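Structural features, examined
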Amino acid sequence: MASINFNSFAEKKRQALSTVKSNGLQLMFLGSAMQSDKEVVMTAVQNDWEAYLYASKLIKEDEEVLRAAIDNGWKAFKDAGPGIKENKEICKYAIQKNRESLNYIGLGLKRDKEFYIEVMKTDGECLEFAKLYQDDKEVVMTAVKQTWKALQFVSHDLKSDPDIVMAASEGCLA
């Protein structure tokens, strides 16, 4: 009967951690066990956000791992799992790092007008990536109240709306 070497996995993990600490992209060569190990993946994405591309699907749904990857490069959010892209807090976090992240949120959030209003309250220029809401008066009003700069992303019809113009001009004076 062959004996099981329990130290083998621990040794492999130690070596993997050492490898990804100096070069996160080495995660792509480590195999599924290490690509599914949260500590190894965290270490890798803290070194290079692109290591996130090689993490297992399960690990890509982990908030902590995704935040660490986003901290190193917002584009990690593009490759996040579909479930986590419905998480409002994670999406706001990614959007805070780069507005373009708004293009990659989950379908449910894309249809959530209240989510867009929340986003516009903190960064009205996100309206650039809120194509579905550039002609929604409530969302637009929230955006231009936050910053007059959002006016450049407003639909043609709403650009001449007196309420929108007034809100944007008040934002210029603030």
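I will try to describe carefully the structure that is included in this document.

About the criteria used
Residues numbered from 1 in each chain as written. Predicted model: local features only at pLDDT ≥ 70, side-chain atom pairs only at ≥ 80, totals over all residues. Heavy atoms only, no water. Salt bridge = Lys/Arg side-chain N within 4 Å of Asp/Glu carboxyl O. Helix = DSSP H or I, 4+ residues; strand = E, 2+ residues; numbered from the N terminus. Buried < 20%, exposed > 50% of the residue type's maximum accessible area, 1.4 Å probe, protein only. Disulfide = S-S within 2.5 Å. Patch = residues over 30% accessible without salt bridge, like charges linked within 9 Å, V, L, I, M, F, W, Y side chains within 5 Å. Areas by Shrake-Rupley, 256 points an atom, 1.4 Å probe, with all protein chains shown as cover. Contact = heavy atoms within 4.5 Å.

Some thoughts on the pattern of salt bridges
Enumeration according to the criterion identifies 16 salt bridges in this entry. Note that lysine 13 and aspartate 37 form a salt bridge whose closest N and O atoms lie 3.2 Å from each other. In this pair, lysine 13 sits in helix α1 (residues 6-22) while aspartate 37 sits in the loop between α2 (32-35) and α3 (38-47), placing the two residues 24 residues apart along the sequence. This pair shows no difference in class: lysine 13 is buried, exactly as aspartate 37 is. With a closest N to O distance of 3.2 Å, aspartate 161 and lysine 137 form a salt bridge. Residue aspartate 161 is found in the loop between α10 (156-159) and α11 (162-173), and its partner lysine 137 is found in helix α9 (residues 137-146); the two are separated by 24 residues along the sequence.

Considerations on the state of the cysteines
What the rule picks out here adds up to zero disulfides. Cysteine cysteine 126 is unpaired, with the sulfur of cysteine 91 as its nearest cysteine sulfur at 12 Å.

A short note on a nonpolar patch on the surface
On the surface, Met28, Phe29, Leu53 and Tyr54 cluster together into a nonpolar patch covering about 360 Å² of accessible area. Positionally, tyrosine 54 belongs in the loop between α3 and α4 (57-60). Since its relative accessible area comes to 31%, tyrosine 54 is described here as partly exposed.

So, the side chain of serine 56
Tracing the sequence through the fold places serine 56 in the loop between α3 and α4. Residue serine 56 is classed as buried on the basis of its relative accessible area, which comes to 16%. Setting aside its immediate chain neighbours within four residues, serine 56 contacts Gln35 and Ser36.

Shape descriptors only; they carry no functional weight alone.
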